[in-house]
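Structure at a glance
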Amino acid sequence: MKKILIMATAMSLLFAVSLTAQPQFGAGVKGGMNLATQTTTGEGEGVAVRQLIGYNGGVYGNLFITDMFGLQAELVVCTRGSDWDDIYYNVKDLLTYLDFPLLFKFQPIKYANIHVGPQFGYLLAAKQEDKDDGEIYDIMDWYNRLDVGLAVGAEANLPFRINFTVRYVIGLVSATNDVEYIDPWRNNFLQFSLGFRLIGDK
């Protein structure tokens, strides 16, 4: 009798785990605002670089293996760059990337999660605006096509199928090459976005 009770308890636990472990798929659209800048560890550390306001917009899909753990991939058009101001430069570098974040998500409570993972960006356009005369120049040759960063953020799953996300992306590689800038400059940006859940509840 004791063995039967133990087996029944074990089977019940396995059944409960199997129910909670059913994969849950979600997908949606998102968009918002970026606050971007660039940093270097080279001699250009003393250059005054201010934040640049930009935008982000795209789609996402996620797969939760359990109620608490999931993976999310996104395809997002995202601007970044910097607002330079020193004795040599009074310009804005305006960059547009197609970003592909791959995120591990941890959702300890129903309405919120934290996430972290690599982000890969492909440079679509690079322009420089001279703030003195308003001229705009193409500077694609000054930047590497591939940008790699680490994304860390938190997200709230709100009513009416809305998500609100705050995320910071730290540049892991130099965005610039040595065509124009001697020092390696990395992209860093703070991202705010609103999402609409088309499928799923996360």
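**Observations concerning unusual backbone geometry**
A positive phi is found at Phe-160, a non-glycine position, where the angle reads about 60 degrees. With respect to the helices and strands, Phe-160 occurs in the loop between strand S8 (146-158) and strand S9 (162-171). Phi at Arg-161 is positive, roughly 65 degrees, even though this residue is not glycine. Counting through the fold element by element, Arg-161 comes out in the loop between S8 and S9.

**What to know about the pattern of salt bridges**
Working definition: two side chains of opposite charge can pair if their charged atoms are close together. Counted by the stated rule, this structure contains eight salt bridges. Two residues, Lys-131 and Asp-83, come together in a salt bridge whose shortest N-O distance is 2.4 Å. Of this pair, Lys-131 sits in the loop between strand S6 (112-130) and strand S7 (136-138) while Asp-83 sits in strand S4 (residues 69-85); the two residues are 48 residues apart in sequence, bridging distant segments of the chain. Exposure remark for Asp-83: the relative accessible area of 9% places this residue in the buried category. Salt bridges linked by common partners bring Lys-30, Glu-74 and Arg-167 together as one network.

**Some details on the environment of Ile-136**
Inspection of the secondary structure assignment puts Ile-136 in strand S7. On the basis of relative accessibility, which here comes to 52%, the residue Ile-136 falls in the exposed class. C-alpha separation for the pair Ile-136 and Lys-92, spaced 44 residues apart in sequence, amounts to 9.3 Å. With residues near it in sequence (within four places) discarded, Ile-136 still touches Lys-127, Gln-128 and Glu-129.

**Some words on the confidence of the model for the protein**
When pLDDT is averaged along the protein, the result is 88, and 87% of the positions lie at 70 or above. Least confident of the elements in the protein is helix H1 (residues 2-20), whose mean pLDDT is 47; most confident is S9, at 98. In this model, residues 10-19 is a region of pLDDT below 50 whose contacts with residues beyond four sequence positions or in other chains number zero contacts.

Rules of the game
Every chain begins its residue count from 1, and numbering advances along the sequence as written. Only residues with pLDDT of 70 or above have their local features reported here, since the model is predicted, and side-chain atom pairs are shown and tallied only from 80 upward, although totals for entire chains, interfaces and linings are computed over all residues. Hydrogens and waters are ignored; side-chain quantities use all the structure's heavy atoms. Secondary structure elements are taken from DSSP: a helix is a run of H or I of four residues or more, a strand is a run of E of two residues or more, and numbering for both begins at the N terminus. Each reported salt bridge corresponds to a side-chain nitrogen of Lys or Arg within 4 Å of a carboxyl oxygen of Asp or Glu. Each residue is assigned to one of three classes by its accessible area relative to the maximum for its type, calculated with a 1.4 Å probe on protein chains only: buried under 20%, partly exposed between the two thresholds, exposed over 50%. Pairs of residues are marked as contacts when any of their non-hydrogen atoms sit within 4.5 Å. pLDDT is a residue-level measure of predictor confidence that goes from 0 to 100.

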